[in-house]
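# Survey of secondary and tertiary structure
Take a look at the letters that make up each chain.
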Amino acid sequence: NVEIEKLVSVLEATLIIDKMRPLEEKIDKIQLKLKTLSASNDSHFLNSELLNILDKRDWVQWNKAYEKISVLENSHGELELLNELLRKLRESASSLASLICDNPHDDVINECSGDFGKAWDLARADAWLRDFEESHDEYQLQRDYEDIDKKIRNNIAELAAQKAWHHCLSRMTEKQRQSLIAWSLAIKKIGKGTGKHAEKHRREAEEYMAECRTAIPAWIMPIHRVVESFKPIPELFDVLIVDEASQSGPEALALFYITKKCVIVGDDQQISPENVGVDPQEVDALIERYLRDIPLRKTYGLQGSLFDHAKIRYSKSHIFLREHFRCVPEIIQFSNNLCYASLGASLIPLRSYSPKRLDPVKAIRVIDGFKEGDGQYVVNKPEAIALVKQIAKCCNDNNYKGKSMGVIVLQGHAQDQLIKKLLMDEIGFDEIQSRDLICGDPYAFQGDERDVMFLSLVAGPNERIGALANEAAKRRFNVAFSRARDQVWLFHSVTINDLSPSDLRYSLLSYCQNPAMESVKIEGVNIDDLKSSMRSGKSSVPHPFDSWFEADVFLQIINHGYRVIPQFKVAEFKIDLVIEGLKNRLAIECDGDEWHGIEEYEKDQWRQRILERAGWRFWRIRGSMFYRDKEQALESLWQILEELGINSSISLEQEAGIKEEVIPSEVVDVPKQDLFPETEEASKETVVEDRLSAVLNYEKDNSVERYAKRYKETKDVIIEILQEGSQGKDLIVEKVLRKMGINNRGSNRDKFRRRVSRAITDLIRLGKIEEYETDKRMRVKLL
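Now for a description of the structure that goes with this document. Bear in mind the structure is a predicted one, so any value in this text is a computation, not a measurement. (Residues numbered from 1 in each chain as written. Predicted model: local features only at pLDDT ≥ 70, side-chain atom pairs only at ≥ 80, totals over all residues. Heavy atoms only, no water.)

### Focus on the overall build of the protein chain
Helix and strand counts for the protein chain come out as 30 helices and 17 strands. Here the protein chain holds 783 residues, and 38% of them are scored as buried. In the protein chain, 68% of the contacts between residues at least 6 apart in sequence involve partners at least 24 apart. For the protein chain, the accessible area works out to roughly 46,900 Å², and carbon and sulfur atoms hold 52% of it. (Helix = DSSP H or I, 4+ residues; strand = E, 2+ residues; numbered from the N terminus. Buried < 20%, exposed > 50% of the residue type's maximum accessible area, 1.4 Å probe, protein only. Contact = heavy atoms within 4.5 Å. Areas by Shrake-Rupley, 256 points an atom, 1.4 Å probe, with all protein chains shown as cover.)

Structure (structure tokens):
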């Protein structure tokens, strides 16, 4: 039985083995296939795993691996669908397809997938706007517009000139043409009007003018030429315009007789003719004799101008023109302080800051400068030399390329002659001519202007300086300072302490040492309230902005540290935002999405063109650009601000305060007998020439270095004395003199006293010592 059971077991096992043999053959085939697949570089890792499981005959692991394969097989269809969708997406939006493939587990993509339709629409709109902006480049369009506008203006001007000449010449008769030429020849024959035949030529000119007057629609000539050319006939002209009427005396009243309407243009705060050589008493006698029955006859004296008479008689037709186009704000501000502010009608500077502009006001102190001479023959050679050397330096500076220049002397007439001679030696005639450089007193520049003006104060500390405070002097100073368009240099030898506070030179010097323009306050703007209003979503537009768009741009700019003024007023116009620095300003115009019509657009462009002609530079931003990407929209703004030198990290108060420059003089005291020789029999002209020659030919020595060293020693001694404690200002001068061994008497001791006083002033200005008052006595102490 036992053997039978064993035999049965063997038979059963044999039957099982026979049944398993086909399965093993299948397994062998599977193993062979898996080995082939595993050998491939792109084989899936499950192939190797299945091969190992078959080798071990681990059917539990086999079942698990098989389940994985089933899952992959089920996902294969989804994978094919995904690849097909990605292929289609790459055709339309390759960047988005790459983003999804590179970041399959990005939570942002998962979150946005629910609103993919909205996001897609937004992206399409953004792409359209970007394409629109690229195809409508605002700055290129603006440049093209400016070029076209310039060509149009030039063409219009040329066309107007051609039409005017055609109209004039086509209606001119042959007789009128002949009379016009004859008149011009007669005027040339008159010359200075002093010849014995001058009166005959005047009558001839009047005769010819009577025939040719109507051939010319507008005549432009000085008043004396009007008198020489036209017979006094009532209402000879329809309109007569008198410019610089403050330069014309009562004799110009005859113009009222020959015109229907008269426009008088002038400024009573500028200089009037001096009427040198005319005796006022004789004029008063003539007034009493011939004008006894004329109302306000006293106004016809030497001091009355045509502009004064117009103010007296036609006050209701008075129009005050306040817009000022010539000077930069810091220059015209002095004239406002001096003359116009007291009238309640300060001039409004319309010139803006140009890129890389010059410092508007420069004060140069010539230490140890001195004045020689009296009256109209005073000179200050150290000041003249320093001024001429600065002009030569400016002529070699690229920043002054193409700039016109002028020199005004604020005292006497000899100083400008001295400067002329020095300029001829220093820069030559060609440079003088190319710069249109003229030297003279304020009268030489009335009605004229230059890019850069150099002023010589002339006054020296070696004289007893009286207060210059009359109205005539005030008008001269107003004219002198306001002749410059871009920059004023003031050369002076005296300090503030040498001048009386009532002296106009005190006002001029103090302003030049610390020039300033009227500050523009940002009134009604509370930054914190503005930000909180924005966060709370208030709908009302905050004052003074016209829109929330302006307020948003304003906040973005001030967050970068710039000074921004909203609704900046320029004459009758307003600018949305103005970014202000010390040397430059930039106008910002915010173009919102609301369209106000073609008329408003053209009006806005017209306003911009007017302000651009006054020197303003504009930068415009559209609401669509700003709200799509604020940083990118403002990127070009930061570049422009950098080009203009508008610094965000320095406030205007820190930038202001232009320091006074100090230079040593190049000469010491010139013996008076050498500078002004005694020439009793010589004429005044000869005396002036001799004096100037003596100044120009004076041999220089090496005293500059000695003086500079001595001046530094003086300052060191002052500081050494103050280290012991505060001192009375008068007492410290005596202590310095004793400590330095200055025991001389008379003029030498007075000279050193002045030098010590100047050293004290310099130390106060440099912030090393302080001046204060106790018990009505001035004291100084070390800081």
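Back to the write-up after that little detour.
### So, the pattern of salt bridges
In total, this model carries 27 salt bridges according to the counting rule given. Note that arginine 202 and glutamate 199 form a salt bridge whose closest N and O atoms lie 3.3 Å from each other. Here the residue arginine 202 and the residue glutamate 199 both occupy positions in helix H9 (residues 198–212), the gap between them amounting to three residues, near one helical turn. Among the charged side chains, a network of salt bridges with common partners joins Glu589, Asp591, Asp604, Arg607 and Arg620. (Salt bridge = Lys/Arg side-chain N within 4 Å of Asp/Glu carboxyl O.)

### Notes on the sheet that holds strand S11 (residues 573–580)
Two modes of strand pairing occur in sheets, parallel and antiparallel, and in both the strands are linked by backbone hydrogen bonds. If you trace the four strands from one edge of the open sheet to the other, you get S10-S11-S12-S13, paired in mixed fashion. Where the open sheet ends on each side, the last strands, each with one partner, are strand S10 (564–570) and strand S13 (618–622). Adjacent strand axes in the sheet meet at a mean angle of 40°, parallel and antiparallel pairs treated alike. (Pairing = 2+ DSSP bridges. Axes fitted to C-alpha atoms, helices over the stretch in contact; angles between N-to-C directions.)

### Details of the pairing of strand S8 (residues 450–456)
Taking burial as the measure, the seven residues of S8 include seven buried ones, the bulk of the element. Sheet topology note: the S8/strand S9 (residues 484–492) ladder contains six bridges and is parallel. Among the inter-strand pairings, serine 456 is bridged to a residue of S9, identified as phenylalanine 491.

### Description of the environment of valine 265
Position of valine 265 relative to the elements: it lies in the loop between strand S2 (259–264) and helix H11 (280–290). Separated by 21 residues in sequence, valine 265 and glutamate 244 have C-alpha atoms that sit 6.0 Å apart. If near-sequence neighbours (up to four positions away) are discounted, valine 265 is found in contact with Ile241, Val242, Asp243, Glu244, Ala245 and Phe307.

### Concerning the nonpolar core
Among the nonpolar cores identified, the biggest contains 35 residues, and Ile331, Leu410, Leu455, Phe481 and Leu508 are the most heavily contacted of them. Within the residue set of this core, elements represented by two or more residues are helix H13 (329–340), strand S5 (361–367), S8, helix H17 (471–481), S9 and helix H18 (504–513). Considering every element that reaches this core, the biggest residue donor is H13, with six residues. Setting aside chain neighbours within four positions, we find leucine 410 in contact with Pro442, Leu455, Ser456, Leu457, Val458, Phe477, Ala480 and Leu508. Judged by nonpolar contacts, the second largest core, of 32 residues, contains Val378, Val388, Leu422 and Cys439. (Core = buried A, V, L, I, M, F, W, Y, C linked by side-chain atoms within 4.5 Å.)

### Points about helix H12 (residues 306–313)
Here H12 has its buried residues at Leu306, Phe307, His309 and Ala310. The buried residues of H12 occupy an angular sector of 160° when projected down its axis, which confines them to one face. Residues of H12 that are buried in the fold lie against strand S1 (237–242) and S2. (Arc of directions from axis to C-beta.)

### Regarding the environment of isoleucine 264
Residue placement: isoleucine 264 occurs in strand S2. In this structure the C-alpha to C-alpha distance between isoleucine 264 and lysine 311, which are 47 residues apart in sequence, comes to 9.4 Å. Those residues in contact with isoleucine 264 that sit more than four places away from it in its chain are Val242, Ala245, Phe256, Leu306, Phe307 and Ala310.

### Quick word on unusual backbone geometry
If you check the backbone angles, glutamate 235 has positive phi at about 55° while not being a glycine. Within the secondary structure, glutamate 235 is located in the loop between helix H10 (223–229) and S1. Phi at aspartate 368 takes a positive value of approximately 65°, unusual for a residue other than glycine. Position of aspartate 368 among the secondary structure elements: in the loop between S5 and helix H14 (381–395). Exposure remark for aspartate 368: the relative accessible area of 10% places this residue in the buried category.

### Re the environment of arginine 620
Relative to the helices and strands, arginine 620 is located in strand S13. Spatially, the C-alpha atoms of arginine 620 and alanine 587 are 8.3 Å apart, while their sequence positions differ by 33 residues. Only 2.3 Å separates the side chain of arginine 620 from the side chain of glutamine 608, close enough to count as a polar contact. (Polar contact = N/O pair within 3.5 Å; in protein donor to acceptor, adjacent residues only side chain to side chain.)

### Side note on the packing of aromatic side chains
The full count for this structure, using the stated rule, is 16 aromatic pairs. For the ring pair tryptophan 219 and phenylalanine 230, a centre distance of 6.1 Å and an interplane angle of 80° mean the geometry is edge-to-face. On the criterion of sequence distance, the pair formed by tryptophan 219 in the loop between H9 and H10 and phenylalanine 230 in the loop between H10 and S1 is long-range, its members being eleven residues apart. On the basis of relative accessibility, which here comes to 6%, the residue phenylalanine 230 falls in the buried class. (Phe/Tyr/Trp six-rings, centres within 6.5 Å; stacked < 30°, edge-to-face > 60°.)

### A short note on the packing of H17 against H18
For the pair H17 and H18, the least separation of the axes is 10 Å and the interaxial angle reads 25°. By the angle between their axes, H17 is roughly parallel relative to H18. Seen from above, H17 lies across H18 with right-handed handedness. Each of Ala473, Lys474, Phe477 and Phe481 in H17 lies in contact with H18, whose residues at this interface are Leu504, Arg505, Leu508, Tyr511 and Cys512. (Parallel < 35°, antiparallel > 145°, perpendicular 65-115°, else oblique. Left-handed = near helix turned anticlockwise from the far one by under 90°.)

### Considerations on the packing of helix H8 (residues 174–190) against H9
The contact between H8 and H9 brings their axes to 8 Å, and the two run at 155°. Viewed along their axes, H8 and H9 adopt a mutual orientation that is roughly antiparallel. In this structure, H8 meets H9 at a crossing whose hand is left-handed. On H9, the residues that touch Lys175, Gln176, Ser179, Leu180, Ala182, Trp183, Ala186, Ile187, Lys189 and Ile190 of H8 are Ala198, His201, Arg202, Glu204, Ala205, Tyr208, Met209, Glu211 and Cys212. Here the contact of H8 with H9 is composed, by residue class, of eleven nonpolar, three polar and five charged. (Nonpolar A, V, L, I, M, F, W, Y, C, P; charged D, E, K, R; others polar.)

### Digging into helix H2 (residues 45–56)
Here H2 spans 17 Å end to end across twelve residues, near enough to the 16 Å set by a 1.5 Å rise per residue. Every buried residue belonging to H2 is among Leu46, Asn47, Leu50, Leu51, Ile53 and Leu54, and all of these are buried. Down the axis of H2, the buried set is contained in an arc of 165°. They therefore lie on one face. Turned more than 90 degrees away from the buried face of H2 sit Phe45 and Lys56, all of them exposed. Following H2 by one or two positions, arginine 57 has its phi on the positive side, about 55°. (Expected span 1.5 Å × (residues − 1).)

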